[in-house]
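One letter stands for each residue in the lines below.
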Amino acid sequence: GQQVMQIPQYQHVQEGEDFTTYCNSSTTLSNIQWYKQRPGGHPVFLIQLVKSGEVKKQKRLTFQFGEAKKNSSLHITATQTTDVGTYFCAGHDSWGKLQFGAGTQVVVTP
Amino acid sequence: GAGVSQSPSNKVTEKGKDVELRCDPISGHTALYWYRQSLGQGLEFLIYFQGNSAPDKSGLPSDRFSAERTGGSVSTLTIQRTQQEDSAVYLCASSLDRAEQYFGPGTRLTVT
């Protein structure tokens, strides 16, 4: 079956630095979604990418969907303490079920 | 309109007792998912309902777990003969087909 993997599992970042988290699927995805879960909260939808090679930006966050629609990345520039949380990617398989990655837990050091 | 709601928000139960967790999805959402999340861990898929199709129960960890969705709306997750390893936050999410998921606040289950 389809597997969605995220790396790294943990990311310690100095405030002001950039970092990237990656999402890889064993099969082609119809779309990729990204969610953010703050400590003590529930996952909140950030963005959805559908097209091959698509790039979308939300302020300091840049999301990319690979050409083969099997991988995705989230790049955050000038990290702030408000970026703390766990970032999950998720993709729909051919049966329409959404598969989540294990998440990247981000810790920001002031 | 209202988001996804879950009840109760917290549940403490004794080992061996049965519990029922409720999820009220956003009106009109055809897809409903249940997940389990242990402290500091990722989302463990439990079950998926899509419209009138048979649910995907492939994530249920044992036959003590079951779920139903009545009338394509409210869903109930039932855990029979609870064990301490069932302690976790149970999250429900709903969506319109393949659109973004909206998560409820979760039910924190503690089995003593």
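Below, the structure is looked at part by part. Everything numeric here is computed off the predicted structure, so don't read it as measured data.

What to know about the overall build of chain B
Scanning chain B for helices and strands turns up 0 helices and 10 strands. Helices and strands in chain B line up, N terminus first, as β-β-β-β-β-β-β-β-β-β. The dimensions of chain B, computed from C-alpha atoms along their principal axes, are 35 × 25 × 25 Å. Taken over 112 residues, chain B has a buried fraction of 46%. Long-range pairs, those at least 24 residues apart, make up 54% of the contacts in chain B with a sequence separation of at least 6. By element, 45% of the accessible surface of chain B is carried by carbon and sulfur atoms, the whole surface being about 5500 Å². Taking the average place of the 11 positive charges on the side chains of chain B and the average place of its 12 negative ones, the gap between the two points comes to 3 Å.

Overview of the sheet that holds strand β8 (residues 71-76) of chain A
Residues and elements named next belong to chain A. Ordered in space as β1-β3-β8-β7-β6, the 5 strands form an open sheet in which the pairing is antiparallel. Every interior strand has two partners, whereas the edge strands, β1 (4-7) and β6 (55-58), have only one. With direction set aside, neighbouring strand axes in the sheet form an average angle of 15°. Strand direction decides the pairing type here: strand β3 (residues 19-25) and β8, joined by 6 bridges, are antiparallel.

Description of the state of the cysteines
Residues and elements named next belong to chain A. Per the stated rule, a full pass over the model turns up 2 disulfides over all chains. Two residues share a disulfide in this structure: Cys 23 and Cys 89, whose sulfurs sit 2.0 Å from each other. Judged by the torsion about the S-S bond (75°), the Cys 23/Cys 89 disulfide is right-handed. Taken together, the positions of Cys 23 in strand β3 and Cys 89 in strand β9 (residues 85-92) put the pair 66 residues apart, joining distant regions of the chain.

What to know about the sheet that holds strand β3 (residues 19-24) of chain B
Residue and element names in this part refer to chain B. Strand order in the open sheet formed by 4 strands is β1-β3-β7-β6, with antiparallel pairing between adjacent strands. Strand pairing shows two members of the sheet lacking a second neighbour, β1 (5-7) and β6 (65-69), which therefore form its edges. Taking the axes of each pair of neighbouring strands and ignoring which way they run, one obtains an average angle of 15° across the sheet. Note that β3 and strand β7 (residues 75-79) share 5 bridges and pair antiparallel. Residue pairing across strands places Cys 23 opposite Ser 75, the latter belonging to β7.

Some details on the interface of chain B and chain A
Across the contact, 19 residues belong to chain B and 20 residues belong to chain A. The junction of chain B with chain A conceals about 1500 Å² of combined surface from both sides, 53% of it contributed by carbon and sulfur atoms. Our count for the chain B to chain A interface comes out at 0 salt bridges. Across the contact surface, chain B and chain A share 7 residue pairs in polar contact (both at pLDDT 80 or more). Of all the secondary-structure elements, those providing two or more residues to the side of chain B that touches chain A are β4 (31-37) and β5 (44-50) of chain B. Sort the elements by how many residues they give to the side of chain B that touches chain A and β4(B) lands first, with 3 residues. Taken together, the residues that form the side of chain B that touches chain A break down as 9 nonpolar, 6 polar and 4 charged.

The rules behind each value
Residues numbered from 1 in each chain as written. Chains lettered and ligands numbered in written order. Predicted model: local features only at pLDDT ≥ 70, side-chain atom pairs only at ≥ 80, totals over all residues. Heavy atoms only, no water. Helix = DSSP H or I, 4+ residues; strand = E, 2+ residues; numbered from the N terminus. Buried < 20%, exposed > 50% of the residue type's maximum accessible area, 1.4 Å probe, protein only. Contact = heavy atoms within 4.5 Å. Areas by Shrake-Rupley, 256 points an atom, 1.4 Å probe, with all protein chains shown as cover. Lys, Arg positive; Asp, Glu negative; His and termini not counted. Charge placed at Lys NZ, Arg CZ, Asp CG, Glu CD. Pairing = 2+ DSSP bridges. Axes fitted to C-alpha atoms, helices over the stretch in contact; angles between N-to-C directions. Disulfide = S-S within 2.5 Å. Buried area = accessible area lost by both parts, 1.4 Å probe. Salt bridge = Lys/Arg side-chain N within 4 Å of Asp/Glu carboxyl O. Polar contact = N/O pair within 3.5 Å; in protein donor to acceptor, adjacent residues only side chain to side chain. Nonpolar A, V, L, I, M, F, W, Y, C, P; charged D, E, K, R; others polar.

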